[in-house]
Amino acid sequence: MQTIVIGHRNPDMDSICSAIAYARLKQLQGATDVVAARAGNTNARIDYVLQRFGFPSPMFLSDAAPRVADVMQRDIISIHADAAVYDAIQLMAEKGLRGLPVTDEANRCLGLLSALRLSHYLFPRREQAASARMVVASLANIVTTFGGTVMAGELSQDAADTVLMVGAMDLKTFSGRVERHDPSQVVLFVGNREHIQMAAIEARVKAVVVTGGLPVEIGIRHEANKRKVTVVSSPYDTATTVLLARGAVRVDRLLEPFTSFTADTPLDLARERAVESLASTFPIVDADGVIVGVLSKSDFIKPPPRRLILVDHNELSQAVPGADKAPIIEILDHHRIGGFSSDSPIHFWNNPVGSTSTIVALCYEQAGVPIPPDVAGLLMAGLISDTLNLTSPTATPVDKRTLKELSRIAGVDPAKFAAEIFSVGSPLLTMNDDQVITSDCKEYESGGRRFSISQIEELNFSHFPEKQAALVAALDRHCRNRGLFFAALLVTDVNTQNSLLLGSGAPELWQRIDFPAQSPQTWELNGIVSRKKQLLPYLLGRLSGLGAAS
Ligand SMILES: [Mn+2]
């Protein structure tokens, strides 16, 4: 089973770097199917760091919930629309199937042939039994099912309405029976009763099948050739031959309406619909109806295709969509605990240090695995980025010690590296207004209210005034579109360690802010650089003063 190490949505440097480094630790410990992933786009700074240490961007995972494609059977056993029911039954018996998708020339799914429908066809209700002698099949298919030999005339390949009739009566009765049908539709099964054989040929039936491997007289063959009536010899007795002949009907005569899914249908949804359906087989089709897989009810109980290790977050509202549908086996984080619960015991290490990258470095230490130099560089980037090179109040002595050790391994100077990281891609200069809001945006829930706090880091505020009005408008849009109680953007100057706070929504909240207002919807937060350690607790305090959500 695949294990995916993944950070939060709108990933920041710490999320990406800690995911890659932790996946690498698992691989170094011998795990074979562990990959790092990201739940959103990287930014210029992250790309710079990945490139500097030679790492590709982790794979993008848009949804962690299992899909039909994860469990469907890809080697499809299906049958062509013009095949005989006899062949379908043999195939189902051989493969142990209860249903068979029926396809056309282009491999599009036309319907489903089920074992139940087949048994109803072979053994109809007593009141409908008379219709059992009517089949739509070609003479060639009929003869093939019982392995007959042509004694006169030809085998038509065209499917046609056919009446299967047994010549068990006396001549007079037989003539009366034949007249009730169109003779060109009648296939007569008869033993060595030459007067019946001859009467049928004279009536110009479609074919006469002489059963029991009995010889066909030369005179009969001659007459049949003259009147263009096909005569066939069957090695089986009449009862067996007729039974087999009924298997010549084309499978598309027995099609049933079917429930199909596409490969990217969420497995939960497919399961709901499968439970309501009587079918046990579900074709998986693409946009053109071409069959790409098959789902059986037993596929729904296959073990989940992937499990997750969450890094740098523990709140499902921040996790990749569908994370609640996949087993979460580990969490490494340094944020508040956001109401996460699990069905079974998991490895959950929440450590209030400055970065998840710090925790991953400690994991290497604990496992006794030396940190490879390129990984040490990545972890430095996550640590420096989250702690503003140890200047944030979130930085601890553990971070300081870890950064020093990582610097030694990577051979990279932290101060120079920090300057490099923050000089790349100023968010205000390289992103449009909406991207500034969403690039590092976290959603929270408290007391029934949902809100978001975004953060960007700049080397100074010089580009802020020209963008301010547009950013407020983008924040208002974000707040409205996401249906949030409020939305906030923290613009942090990593040199001066000051921030500006932009706020949208909830006027009753913003009027309780006691930082100096720079302008409407903007406040000066001197000395505030940490979203989680300073701003979030502050805003949660203001929020609780508002009382319960209505
Ligand atoms: Mn972090």
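Going by the structure above, here's the rest.
Residues numbered from 1 in each chain as written. Predicted model: local features only at pLDDT ≥ 70, side-chain atom pairs only at ≥ 80, totals over all residues.

**Details of the overall build of the protein chain**
When helices and strands are tallied, the protein chain shows 20 helices and 23 strands. Taken against the 2.2 N^0.38 rule, which gives 24 Å for 550 residues, the C-alpha radius of gyration of the protein chain at 38 Å runs more than 25% over that of a compact globule. In terms of overall dimensions, the protein chain has C-alpha extents of about 115 × 50 × 40 Å along its principal axes. When burial is assessed residue by residue, the protein chain has 41% of its 550 residues classed as buried. For the protein chain, long-range pairs separated by at least 24 residues make up 64% of all intrachain contacts whose partners lie at least 6 apart in sequence. (Helix = DSSP H or I, 4+ residues; strand = E, 2+ residues; numbered from the N terminus. Rg over C-alpha atoms; globule rule 2.2 N^0.38 Å. Buried ≥ 20, exposed ≤ 12 C-beta atoms within 10 Å, placed from the backbone. Contact = placed C-beta atoms within 7 Å.)

**Details of helix α20 (residues 531-544)**
All of the buried residues along α20 are Arg531, Leu535, Leu536, Leu539 and Leu543. The buried residues of α20 occupy an angular sector of 90° when projected down its axis, which confines them to one face. For α20, the exposed residues set more than 90 degrees away from the buried face come down to Pro537, Gly541 and Ser544. Elements that come into contact with the buried residues of α20 comprise β18 (441-446), β19 (449-458), β20 (486-493) and α19 (507-510). (Arc of directions from axis to C-beta.)

**A word on the nonpolar core**
Within the largest apolar cluster, 51 residues are counted, with the highest numbers of intra-cluster contacts made by Val5, Ile6, Ala19, Tyr22, Leu379 and Met380. Element by element, the count of residues in this core is highest for helix α1 (residues 13-28), at nine residues. When near neighbours in sequence (up to four residues on either side) are disregarded, Leu379 contacts Cys17, Ala21, Ser357, Val360, Ala361 and Leu406. Leu118, Val178, Val190 and Val232 belong to the second largest nonpolar core, which has 45 residues in total. (Core = buried A, V, L, I, M, F, W, Y, C linked by C-beta atoms within 7 Å.)

**Things to note about the environment of Glu272**
Within the secondary structure, Glu272 sits in helix α11 (residues 267-276). Residues Glu272 and Thr145 lie 127 residues apart in sequence; the distance between their C-alpha atoms is 40 Å.

**Quick look at the sheet that holds strand β17 (residues 347-350)**
The strands making up a sheet associate through hydrogen bonds between their backbones, and the pairing can be parallel or antiparallel. Sheet architecture is open: six strands sit in the order β3-β2-β1-β15-β16-β17, paired in parallel fashion. Only two strands of the sheet have a single partner each, and these edge strands are β3 (59-60) and β17. Packing of α1 onto the sheet brings it into contact with β1 (2-6), β2 (34-38), β15 (306-311) and β16 (328-333), and relative to β2 it is tilted by some 175°. Packing against the sheet, helix α12 (residues 356-367) makes contact with β15, β16 and β17, and its axis sits at approximately 115° to β16. (Pairing = 2+ DSSP bridges. Axes fitted to C-alpha atoms, helices over the stretch in contact; angles between N-to-C directions.)

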